[in-house]
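Fold and contact review
Read off the chains here:
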Amino acid sequence: SAVISQKPSRDICQRGTSLTIQCQVDSQVTMMFWYRQQPGQSLTLIATANQGSEATYESGFVIDKFPISRPNLTFSTLTVSNLSPEDSSIYLCSVRPRTNYGYTFGSGTRLTVV
Amino acid sequence: SQQGEEDPQALSIQEGENATMNCSYKTSINNLQWYRQNSGRGLVHLILIRSNEREKHSGRLRVTLDTSKKSSSLLITASRAADTASYFCATDGTARQLTFGSGTQLTVLP
């Protein structure tokens, strides 16, 4: 199965700033997924990132707040912009190597906004 | 948004006992998957059951799927302290993306 390197593992950021999270996959994958997990909650899909096209955002998430880049089939970044304390969450990237296979997740980025 | 609910929300058992978690979902699925998350880290894939399967085993894990009731259960037998974690079911449907349940926090007491 694929292996994902996600960075940073944690960060503490000031309000109003931005944080960019990187995910590097050890194999080429068509789609990468970005999730948010608020404290004590389950995972919510932010967007799906395809190489060469704009990301597809879920209801409640907008590109201005969560811009995503997908320059090639092994790499993606998620930026959380104009941070507020409500953005304090764990952010995870994920890939699905093949249909009817389990998804692989990065180790997560724990963001705290102060 | 979450696909459905899991119950119980929290479960505390003694080492050696079995743990059962249930998951309900709302829409048609291609498969249903179970994941474990330790202390807010990344998720680890445990087991996948396809929509045309009813039961599947993997080591100490047994998962069932009832598509008529849109429900699944995960059984962990002979639990260990290291099984302490959050467990999530997730459905993989026509949208080709995972939708997660609300999760069960399992605590296994030594």
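The structure we're discussing is the one just above.
A brief look at the structure comes next. Note that the coordinates shown come from a computational prediction; the quantities given were computed from them, not determined experimentally.

1. Observations regarding the overall build of chain A
For chain A, the count of helices and strands is zero helices and eleven strands. Here chain A has a C-alpha radius of gyration of 13 Å; the compact-globule value for 114 residues is 13 Å, and the two agree. On the principal axes, the C-alpha backbone points of chain A span a range of 40 × 25 × 25 Å. Relative to its full complement of 114 residues, chain A shows a buried share of 50%.

2. Comments concerning the pattern of salt bridges
For the coordinates displayed, the defined rule picks out four salt bridges over all chains. A salt bridge links Asp87(A) to Lys65(A), with the nearest nitrogen and oxygen atoms 2.7 Å apart. Taken together, the residues Asp87(A) in the loop between β8 (75-80) and β9 (89-95) and Lys65(A) in the loop between β6 (56-57) and β7 (68-72) connect sequence positions 22 residues apart. Here Asp87(A) falls in the buried class, since its relative accessible area comes to 5%. Two residues, Arg60(B) and Asp83(B), come together in a salt bridge whose shortest N-O distance is 2.9 Å. With a gap of 23 residues between them, Arg60(B) in the loop between β6 (55-58) and β7 (61-66) and Asp83(B) in the loop between β8 (71-76) and β9 (85-92) connect regions that are remote in the sequence. Classification of Asp83(B) by relative accessible area gives buried; the value is 6%.

3. Focus: the nonpolar core
Counting 26 residues, the largest nonpolar core has Trp34(A), Ile46(A), Phe66(A), Ile68(A), Leu78(A) and Tyr91(A) as its most contacted members. At four residues, strand β3 (residues 19-25) of chain A tops the list of elements feeding residues into this core. Sequence-distant contacts of Tyr91(A), that is, excluding residues within four places in its chain, are made with Gln6(A), Ile21(A), Tyr35(A), Arg36(A), Ile46(A), Phe66(A), Leu78(A), Val80(A), Gly108(A), Thr109(A) and Leu111(A). Formed by 22 residues, the second largest nonpolar core is a distinct cluster that contains Leu32(B), Trp34(B), Ile47(B) and Cys89(B).

4. Quick notes on the state of the cysteines
One covalent bond between the sulfur atoms of two cysteine residues makes up a disulfide. All names here are of chain A. Summed over all chains, the structure comprises two disulfides over all chains. Disulfide partner of cysteine 23: cysteine 93, at an S-S distance of 1.8 Å. On the sign convention where negative means left-handed, the S-S torsion of about -90° between cysteine 23 and cysteine 93 marks this disulfide as left-handed. Of this pair, cysteine 23 sits in strand β3 while cysteine 93 sits in strand β9, placing them 70 residues apart in sequence. Cysteine 93 carries the same exposure label as cysteine 23, and that label is buried. The thiol sulfur of cysteine 13 is not disulfide-bonded, and the nearest other cysteine sulfur, from cysteine 23, lies at 16 Å.

5. Here's the deal with the layout of surface pockets
Of the volumes computed, that of the largest pocket is approximately 400 Å³. Elements with a minimum of two residues in the lining of the largest pocket: β9 and β11 (109-113) of chain A together with β9 and β11 (104-109) of chain B. In terms of residues, the lining of the largest pocket owes the most to one element, β9(B), which gives three residues. Its residues assigned to classes, the lining of the largest pocket shows five nonpolar, 18 polar and one charged.

6. Observations regarding the interface of chain A and chain B
Accessible area lost on assembly of the parts is the figure often given for the size of an interface. Counting residues at the interface gives 22 residues for chain A and 23 residues for chain B. On inspection of chain A and its partner chain B, the count reaches one salt bridge. Counting every contact that joins chain A to chain B gives seven residue pairs in polar contact (both at pLDDT 80 or more). Counting residues per element, the ones that place at least two in the side of chain A that touches chain B are β4 (31-37), β5 (43-50) and β9 of chain A.

7. Section: the sheet that holds β7(A)
Residues and elements named next belong to chain A. One open sheet holds the four strands; their spatial order is β1-β3-β8-β7, and the pairing between them is antiparallel. Each end of this open sheet is capped by a strand with a single partner; those strands are β1 (4-7) and β7. Pairwise comparison of adjacent strand axes, ignoring direction, gives a mean angle of 15° for this sheet. Relative to β8, β3 runs antiparallel, the two being bridged by six bridges. From the neighbouring strand, cysteine 23 faces β8, where its bridge partner is serine 76.

Parameters and conventions
- Residues numbered from 1 in each chain as written.
- Chains lettered and ligands numbered in written order.
- Predicted model: local features only at pLDDT ≥ 70, side-chain atom pairs only at ≥ 80, totals over all residues.
- Heavy atoms only, no water.
- Helix = DSSP H or I, 4+ residues; strand = E, 2+ residues; numbered from the N terminus.
- Rg over C-alpha atoms; globule rule 2.2 N^0.38 Å.
- Buried < 20%, exposed > 50% of the residue type's maximum accessible area, 1.4 Å probe, protein only.
- Salt bridge = Lys/Arg side-chain N within 4 Å of Asp/Glu carboxyl O.
- Core = buried A, V, L, I, M, F, W, Y, C linked by side-chain atoms within 4.5 Å.
- Contact = heavy atoms within 4.5 Å.
- Disulfide = S-S within 2.5 Å.
- 1 Å grid on protein atoms, 1.4 Å probe; cavity = no way out; pocket = protein on both sides within 12 Å on 5 of 7 lines; lining within 4 Å.
- Points joined across faces, edges and corners; volume = space filled by probe spheres on them.
- Nonpolar A, V, L, I, M, F, W, Y, C, P; charged D, E, K, R; others polar.
- Polar contact = N/O pair within 3.5 Å; in protein donor to acceptor, adjacent residues only side chain to side chain.
- Pairing = 2+ DSSP bridges.
- Axes fitted to C-alpha atoms, helices over the stretch in contact; angles between N-to-C directions.

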